[in-house]
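The lines below spell out each chain.
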Amino acid sequence: MGDAGTPAIGGHEPRAVQKALQLLEAVARLGPGTTAREIADWCRVPRSTAYRLLNLLVGDGYLVRVDDLAGFALGRRARELAAPAPDQAQPGPAAVAEVAEDLRRKIRHGVHLVSLSGAEPSWADPDPDHEVAADDPMLRAWHASAVGKILLADRPELLTGQQLARFTPYTITDWPRLLAELGDVRNSGLAVDREESVVGRVGLAAAVRSGTGRVTGCLLIAGRSGRLSPDAPELVEPVLAGARRLSGWPG
């Protein structure tokens, strides 16, 4: 029997909770943009039941709607549930500067540290030998830049209202293709920009996480197309290692 003033849980309610968790699992496995019909079919539940529970999960912040696809993505509250416990102290400014400078000695292209802890990406430690601007497309063209893809992969709710503008002939403006790439970014922690934000410039970004697993920034390598290969192991491996060294950075 429940406490005074607290409604007792009916026999059907635990089953509803199980179904809601199945829906969250379906979105996590199928990826952002998954439709209500696909979720219902994957969970093998009636579509009317799925629609009702999906609306409740959206209302509580566990799911978000993705524009232009009538689909769903995990919301902030669902991602917080999956965040690991802190496992190391936050690196101080000296440690952050050491990681950036170590990469700059090894890599002849621009090495920048970008903060993603605010409402928009911002330069935390831009490479002093490679000039950047506050309104650079590397920060502003979210679906077309390596930095933006790291941000959108971690915070798919920001896709709501996003317009897939074409910045160059290489910009991805197809929603299914973009969402598939963001799924890869989420799994690997790496994102690339192949002249998608600026013609003649490519980039590679590696996600930097806080002690709770939240993406707080990224290490960005940017350079001229033809001189920088974002897929080269000699570039990918040190950037990933640098991002791991910064684990716990508050951004």
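Higher on the page you've got the structure.
Residues numbered from 1 in each chain as written. Predicted model: local features only at pLDDT ≥ 70, side-chain atom pairs only at ≥ 80, totals over all residues. Heavy atoms only, no water.

### Digging into the sheet that holds strand 3 (residues 71-74)
Threshold: The rule for pairing is simple: two strands pair if DSSP sees at least two bridges between them. Helix and strand definitions follow DSSP, with helices as H or I runs of at least four residues and strands as E runs of at least two, each counted in order from the N terminus. Any two residues whose heavy atoms approach within 4.5 Å at even a single point are treated as in contact. To obtain an axis, a line is fitted to C-alpha atoms, over the contacting stretch when the element is a helix, and the angle between two such axes runs from 0 to 180 degrees between their N-to-C directions.
The strand order across the open sheet formed by three strands is 1-3-2, and the pairing between neighbours is antiparallel. At either end of the open sheet lies a strand with only one pairing partner, and these are strand 1 (34-35) and strand 2 (63-66). Here strand 2 pairs with strand 3 via four bridges, running antiparallel. Directly across from Arg-65, in strand 3, lies its bridge partner Phe-72. The strands touched by helix 3 (residues 47-59) within the sheet are strand 2 and strand 3, with strand 2 carrying the most contacts at an inclination of about 105 degrees.

### Considering the environment of Arg-47
As a reminder, the rule being used: For this analysis, a polar contact is any N or O atom pair within 3.5 Å, provided that within protein one partner can donate a hydrogen and the other can accept it, and provided that sequence-adjacent residues contribute only side-chain to side-chain pairs.
Turning to its location among the elements, Arg-47 is positioned in helix 3. Through-space distance from the C-alpha of Arg-47 to that of Arg-37 is 6.5 Å; in sequence the pair is 10 residues apart. Among all residues touching Arg-47, those that are not within four sequence positions of it are Arg-37, Ala-40 and Asp-41. Polar contacts involving the side chain of Arg-47 include one to the side chain of Asp-41, which spans 3.4 Å.

### Regarding the nonpolar core
Spelled out, the test is: As used here, the term nonpolar core means buried Ala, Val, Leu, Ile, Met, Phe, Trp, Tyr and Cys residues forming a set that is joined through side-chain atoms within 4.5 Å. Burial classes follow relative accessibility: with a 1.4 Å probe on protein chains only, a residue under 20% of its type's maximum area counts as buried, one over 50% as exposed, and anything between as partly exposed.
Counting residues in hydrophobic clusters, the biggest one holds 31 residues, and the most contacted among them are Val-114, Leu-116, Ile-150 and Leu-220. With six residues, the single largest contributor to this core is helix 7 (residues 146-154). Sequence-distant contacts of Leu-220, that is, excluding residues within four places in its chain, are made with Gly-110, Val-111, His-112, Val-114, Trp-123, Met-138, Ala-146, Val-147, Leu-204 and Ala-205. Residues Leu-103, Leu-113, Leu-190 and Val-239 belong to the second largest nonpolar core, which totals 22 residues.

### Observations regarding the sheet that holds strand 4 (residues 110-115)
Each strand in a sheet pairs with its neighbour through backbone hydrogen bonds, running either in the same direction (parallel) or in the opposite one (antiparallel). Strands sit in the order 5-4-8-7-6 across an open sheet of five strands; the sheet is antiparallel. This sheet does not close on itself; its edge strands, each paired only once, are strand 5 (122-125) and strand 6 (190-194). Pairwise comparison of adjacent strand axes, ignoring direction, gives a mean angle of 30 degrees for this sheet. Where strand 6 and strand 7 (residues 201-209) come together, five bridges link them in antiparallel fashion. Residue pairing for strand 7: Arg-194 is matched across the bridge by Val-202.

### Points about the packing of helix 2 (residues 36-43) against helix 3
Rules: Note: crossing handedness is left-handed where the near helix turns anticlockwise from the far helix by less than a right angle, and right-handed where it turns clockwise.
Relative orientation of the contacting elements helix 2 and helix 3 amounts to 115 degrees, with a least axis distance of 9 Å. Crossing geometry of helix 2 relative to helix 3 is assigned as right-handed. Residues Ala-36, Arg-37, Ile-39, Ala-40 and Asp-41 of helix 2 form the contact with helix 3, whose participating residues are Arg-47, Ala-50, Tyr-51 and Leu-54.

### Considerations on the pattern of salt bridges
Applicable threshold: Any Lys or Arg side-chain nitrogen located within 4 Å of an Asp or Glu carboxyl oxygen qualifies as a salt bridge.
Enumeration over the complete set of coordinates arrives at 14 salt bridges. Note that Arg-29 is salt-bridged to Glu-25, the shortest N-O span being 2.8 Å. With Arg-29 and Glu-25 both in helix 1 (residues 13-30) and four residues apart, this pair spans about one turn of that helix. Taking relative accessible area as the criterion, Arg-29 reaches 59% and is therefore assigned exposed. A residue is classified by how much of its surface remains accessible, and Glu-25, at 34% relative accessible area, is partly exposed. Arg-245 is paired through a salt bridge with Glu-98; the nearest N and O atoms lie 3.9 Å apart. Linking Arg-245 in helix 9 (residues 233-245) with Glu-98 in helix 5 (residues 93-106), this pair joins segments that are 147 residues apart in sequence. Relative accessible area serves as the criterion here: at 40%, Arg-245 is assigned to the partly exposed category.

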